[in-house]
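Residue strings, one per chain:
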Amino acid sequence: MEKNIVKHSYSVSLDSRKKLKHHQPLLLWFTGLSGSGKSTIANCVEEELYKNKVHTYTLDGDNIRKGLNGDLSFSPEDRTENIRRIAETAHLMMDAGLVVLAAFVSPYQKDRDHIRNVVGHNNMIEIYIKTSVEECERRDVKGLYKKARKGEIKNMTGISAPYESPLHPDIQINTEEITVIEATKQIITFINPKLIIKNE
Ligand code: ADP
């Protein structure tokens, strides 16, 4: 911590907030190519958690790149800074007691490792949404692949910028083999035990 910044001890603690919410905070980090299905699956997982009275919030390119990270490009350095700020934001939200879902391409392993260091090793679930670049390009949900092929977008992950696949993700979803509903079930089954507050 910086010199002269002294932490104040607040009487309402994370433990108090957990007791109010009846679940642990957690970070569900979705990584994968653009159009792989991160937002689609995160949305279904969040719906399911909401039904189970879990307090959630989803961070994605739409709400982060337009505001907090509006000054950042897609260069390697800015991508790293993008993830660093998101990790800090997610950490605050977890301190508020939330289950945070984060859907970002996050192409570099070192950046994903950094997130885990920020939020605590056991508090992050790395979910690799594995979809081939051919399938993402076929879907081309946002028309970005077409633009990248025409050279209108530089640094397009999978086309003109690298994607480092997670070697040891907590969960791997191959969207060319399973449905959104099956993927959601797999994720919920994995995280449910981690949401339980021991001795509650
Ligand atoms: P991302 O957030 O990774 O950029 P999106 O979720 O916006 O990707 O888009 C993924 C697209 O792929 C959606 O149009 C979705 O309907 C489609 N899709 C087809 N099959 C699947 C699947 N099994 N899982 C997730 N998305 C799928």
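Here we summarise the structure given alongside this text. Given the structure is predicted, the values throughout are model-derived calculations rather than measurements.

## Focus on the sheet that holds strand S5 (residues 171-174)
Pairing is parallel across the open sheet formed by 5 strands, whose spatial order is S2-S3-S1-S4-S5. Each end of this open sheet is capped by a strand with a single partner; those strands are strand S2 (56-60) and S5. Neighbour-to-neighbour, the strand axes of this sheet turn through a mean angle of 20°, independent of strand direction. Packed on one face of the sheet, helix H2 (residues 38-51) meets strand S1 (26-31), S2, strand S3 (99-103), strand S4 (124-130) and S5 and runs near 155° to S1. Each of S1, S3, S4 and S5 touches helix H8 (residues 180-195); the most contacted strand, S5, lies at about 170° to it.

## Focus: the pattern of salt bridges
Scanning the model with the defined rule gives 14 salt bridges in all. A salt bridge links Arg 112 to Glu 126, with the shortest nitrogen-to-oxygen separation between them at 2.8 Å. Linking Arg 112 in helix H5 (residues 109-119) with Glu 126 in strand S4, this pair joins segments that are 14 residues apart in sequence. You can call Arg 112 buried: its relative accessible area is 1%. With its nearest N and O atoms 3.0 Å apart, the salt bridge here joins Glu 135 to Arg 139. Residue Glu 135 and its partner Arg 139 are both found in helix H6 (residues 133-139); the two are separated by 4 residues, about one turn of the helix. Looking at Glu 135, the relative accessible area reads 14%, which means it is buried. Residue classification places Arg 139 among the partly exposed residues on the basis of a relative accessible area of 29%. When salt bridges that share partners are traced, they join Asp 71, Glu 81, Arg 84 and Arg 85 into one network.

Thresholds applied
Residues numbered from 1 in each chain as written. Predicted model: local features only at pLDDT ≥ 70, side-chain atom pairs only at ≥ 80, totals over all residues. Heavy atoms only, no water. Pairing = 2+ DSSP bridges. Helix = DSSP H or I, 4+ residues; strand = E, 2+ residues; numbered from the N terminus. Axes fitted to C-alpha atoms, helices over the stretch in contact; angles between N-to-C directions. Contact = heavy atoms within 4.5 Å. Salt bridge = Lys/Arg side-chain N within 4 Å of Asp/Glu carboxyl O. Buried < 20%, exposed > 50% of the residue type's maximum accessible area, 1.4 Å probe, protein only.

Function-wise, these values are silent; they only describe arrangement.
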